[in-house]
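Summary of structural features
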Amino acid sequence: MAQQPLVVEFWDVGQGDCSVIHLPSGEIILIDVGPRGNPISGWLISHGNIRVHSIVLTHNDADHIGALNAVVDGARSRIGTVYFLEDRSRKDDVFVRLVRRLDTAKKCGEVTNIRRLEAPRVLWSDSNSGSSLEVKFPPVLSNIMAPSANETAGVLSLSIHSAVKILWASDTTIENVAAQCQGSRPEYLVGPHHGAPADRGDKRALAWLKSVSPRKVVVSVGSGNDYKHPQVNYIRDVRTSGGAVVCTQLTPRCENKRKLRDVIKSHARLGLPQPNSGFTCRGPIRLTLEGGDFVSNDTLDVEHAVSILKLKSPRCVEPF
Amino acid sequence: MILAPDIPTERASYLANELPRTVEVSSSSQFDLDVPIEAELDQRHFAFGEYFLILERYPTIAYYRRTYELEIRGWNVRLPWQRGGEISREIIRKFLFLLRKAERKELSKHEEREWEEISRQADYRRFCVEHAPAIFTEGRLLAATPADLEIEWHDGTKEVVPRSVAKSLELLNPGESFTALANFGEGNKLVSISQVAPAPSAEVIDGETLWRSWPSNRS
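Nothing here was measured: the structure is a model prediction, and the numbers come from that model.

1. Notes on the pairing of strand 2 (residues 37-41) of chain B
Residue and element names in this part refer to chain B. Residues Ile-37, Ala-39 and Leu-41 line the buried face of strand 2, whereas the alternating positions Glu-38 and Glu-40 sit on a face that is not buried. Bridging between strand 2 and strand 5 (residues 60-64) involves four bridges; their strand directions are antiparallel. Paired with Glu-38 across the bridge in strand 5 is Ala-62.

2. Quick notes on the pairing of strand 14 (residues 285-290) of chain A
Residue and element names in this part refer to chain A. Among the six residues in strand 14, five count as buried, and that is most of the element. Here four bridges tie strand 1 (residues 7-10) to strand 14, and the two strands are oriented antiparallel to one another. The residue of strand 14 that forms the bridge with Val-7 is Thr-288. Where strand 14 meets strand 15 (residues 293-295), three bridges bridge the pair, whose relative direction is antiparallel. Along strand 15, the bridge assignment pairs Leu-289 with Phe-294. Count of turn residues in the strand 14/strand 15 antiparallel hairpin: two residues, of which Gly-291 carries a positive phi of about 60°.

3. Quick look at the environment of A:Lys228
Note on placement: A:Lys228 falls in the loop between strand 12 (216-219) and helix 8 (232-240). Residues A:Lys228 and A:His194, spaced 34 residues apart in sequence, show a C-alpha to C-alpha distance of 9.9 Å.

4. Topic: the side chain of A:Arg36
Mapped onto the elements of the fold, A:Arg36 is located in the loop between strand 3 (28-31) and helix 1 (40-46). A polar atom in the side chain of A:Arg36 sits 3.3 Å from the side chain of B:Asp155. Among residues more than four places away in sequence, those in contact with A:Arg36 are A:Ala62, A:Gly66, A:Ala67, B:Trp153, B:His154, B:Asp155, B:Thr157, B:Phe184 and B:Asn188.

5. Details of empty space enclosed by the protein
What the rule picks out here adds up to five cavities of 30 Å³ or more. Within this model, the second largest cavity holds a volume of roughly 100 Å³. Forming the walls of the second largest cavity are A:Ile65, A:Gly66, A:Leu68, A:Asn69, A:Val94, A:Arg97, A:Leu98, A:Arg101, B:Glu138, B:His154 and B:Asp155. Elements with a contribution of two residues or more to the lining of the second largest cavity: helix 3 (68-74) and helix 4 (93-108) of chain A. At four residues, helix 4 of chain A tops the list of elements feeding residues into the lining of the second largest cavity. Of the residues in the lining of the second largest cavity, the class split is four nonpolar, three polar and four charged.

6. Quick look at the packing of helix 6 (residues 174-181) of chain A against helix 7 (residues 205-212) of chain A
All names here are of chain A. Where helix 6 contacts helix 7, the two axes come as close as 9 Å, and the packing angle between them is 35°. In this structure, helix 6 crosses over helix 7, and the sense of that crossing is left-handed. In this structure, helix 6 contributes Ile-174, Glu-175, Val-177, Ala-178 and Cys-181 to the contact, and helix 7 contributes Ala-205, Trp-208, Leu-209, Ser-211 and Val-212. Looking at the contact of helix 6 with helix 7 residue by residue, the class counts come to eight nonpolar, one polar and one charged.

7. Considerations on the sheet that holds strand 9 (residues 155-160) of chain A
Residue and element names in this part refer to chain A. Here we have seven strands laid out as an open sheet, ordered 7-8-9-10-11-12-13, and mixed in their pairing. A strand with exactly one partner marks an edge of an open sheet, and here the two such strands are strand 7 (121-126) and strand 13 (244-247). Between one strand and the next, the sheet's axes are offset by a mean angle of 25°, whatever the strand orientation. Where strand 10 (residues 163-168) lies against strand 11 (residues 188-190), three bridges are found, and the strand directions are parallel. Looking at the pairing, Trp-168 lines up with Val-190 of strand 11. Helix-sheet contacts for helix 8 involve strand 11, strand 12 and strand 13, and the interaxial angle to strand 13 is about 140°.

8. As for the packing of aromatic side chains
Scanning the model with the defined rule gives eleven aromatic pairs over all chains in all. Taking the centre distance of 6.4 Å and the plane angle of 40° together, the rings of A:Phe84 and A:Phe95 count as tilted. Note that A:Phe84 is positioned in strand 5 (residues 79-84) and A:Phe95 in helix 4, a separation of eleven residues in sequence. On the basis of relative accessibility, which here comes to 2%, the residue A:Phe95 falls in the buried class. Judged by centre distance (5.4 Å) and plane angle (55°), the ring pair of B:Phe95 and B:Trp115 falls under tilted. Here B:Trp115 lies in helix 2 (residues 109-121) and B:Phe95 lies in helix 1 (residues 87-103), a separation of 20 residues in the sequence. B:Trp115 shares its class with B:Phe95; the two are buried. Clustering of aromatic rings is evident, with ring pairs tying together B:Tyr51, B:Phe95, B:Trp115 and B:Phe127. A cation sits over an aromatic face here: B:Arg125 above A:Phe279, 5.6 Å from the ring centre.

9. Considering the pattern of salt bridges
For the structure shown, the criterion picks out 40 salt bridges over all chains. Between A:Arg100 and B:Glu138 there is a salt bridge whose closest N-O contact spans 3.9 Å. Here A:Arg100, found in helix 4, pairs with B:Glu138, found in strand 8 (residues 135-144), and the two come from separate chains. B:Glu138 sits in the buried class, given a relative accessible area of 14%. Between B:Glu71 and B:Arg73 there is a salt bridge whose closest N-O contact spans 3.1 Å. B:Glu71 gets classed as buried once you look at its relative accessible area, which sits at 12%. Here the residues in one salt-bridge network are B:Glu38, B:Glu69, B:Glu71, B:Arg73 and B:Arg78, joined through shared partners.

Basis of the calculations
Residues numbered from 1 in each chain as written. Chains lettered and ligands numbered in written order. Predicted model: local features only at pLDDT ≥ 70, side-chain atom pairs only at ≥ 80, totals over all residues. Heavy atoms only, no water. Buried < 20%, exposed > 50% of the residue type's maximum accessible area, 1.4 Å probe, protein only. Helix = DSSP H or I, 4+ residues; strand = E, 2+ residues; numbered from the N terminus. Pairing = 2+ DSSP bridges. Polar contact = N/O pair within 3.5 Å; in protein donor to acceptor, adjacent residues only side chain to side chain. Contact = heavy atoms within 4.5 Å. 1 Å grid on protein atoms, 1.4 Å probe; cavity = no way out; pocket = protein on both sides within 12 Å on 5 of 7 lines; lining within 4 Å. Points joined across faces, edges and corners; volume = space filled by probe spheres on them. Nonpolar A, V, L, I, M, F, W, Y, C, P; charged D, E, K, R; others polar. Axes fitted to C-alpha atoms, helices over the stretch in contact; angles between N-to-C directions. Left-handed = near helix turned anticlockwise from the far one by under 90°. Phe/Tyr/Trp six-rings, centres within 6.5 Å; stacked < 30°, edge-to-face > 60°. Lys NZ or Arg CZ within 6 Å of the ring centre and 35° of its normal. Salt bridge = Lys/Arg side-chain N within 4 Å of Asp/Glu carboxyl O.

As structure tokens, this is what we get:
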């Protein structure tokens, strides 16, 4: 099969995280699978020829792993390795159900391998494009010692010729991203924590962000989230540090709740399914590796930039 | 299929296969046969076979008197007048054709522009939700009343659904776990459920026992 370009998609799954990496071999890697009922499992059913190289679960909250059983079923017997973290009590009902589902999937041959997500580890690499996907966090000890699930959430990096291009920060803290990826200057940082990292109010948060210096921060967030994600002080710090913020869905942070509507129709344009809840802001983002850099769809970027100016108070552009 | 049992949604119009009714929006001199007459189609809901598509605005139809053709403006679809009753079919065909190409990243530059215009007109989210395949799901029937059933999904969220939506769950006794295929609609609410089968309860699985045989990088 002819080699395809490396493509990274940050999916809009409502309130939750799910990224799809299309590998040059035609396989895909899923980084988190989003909440229950999101369209990723239906997409896998209707793309029955795609093999899942691996599923990387960075955090076991429902907005990251809720769709796992449907994904395992939808991609039956086409899944290579599932990487997951032990990040909560073994008596946690929901967690035990997840483990049981994976255990059954392994025994039935639906999943080839199950591994713990531990740093340092290269999950995938390609010598032709010089790209590699690595686990930056957590190492074994941090995983065991973490006082809460968020503090052991996985951090992943996608590098091209050793230069970090994309960082997935899951639900971790800004301090942890800075500790693992200082000076990395990624083109994209996903999260952390849907635009509301726990330490966003810390006086050092801006300095930590500056030490990482992401060009764009992707906030994977749902219009109806009850947690007030994304937080305005985090958006302000990202912008002050020289980065731009893009949210998958529009939230009442930027527009009156009654006036929420799709800002642009990016799902259809990219041929990706739209979730059954929430309103698109930038929607899904597709990045294609071209000449050593990841490029997104210019037309959609421009359309989005123009459309958000019509919102009541778009936090990603308005003066503060 | 309706989106969700308790959310009022626009009713589907299945008049789609009847001859279209149009309202004239522009006209020209009867002697100038090369200038088309434009009319707004009094219909936004289009159905054909299993497919159902809603447009966000009424499409404009142009009638060409010299060639006896009609054109769906913005869709690049032309038909002979006598095939006017096939507008629904043609709209859905065009929509699906471009959607499949968009899914496979096979759109040409010209098709990309067409798709941009067409996808802007369509209620894409509703299309996706209504045409999504049923997905595997797990849960537990918590309680049953004469009108409703209370379910706890595998992720810990709870939902009360009318019996009319989840009739097949009546197979279960309260407290029993199940696996099933389900469709979720607006707001992730259950729309339909099928192939319900009782499953072992999470409570009978001892987490510690399960973990003992669990693969580890550390070993």
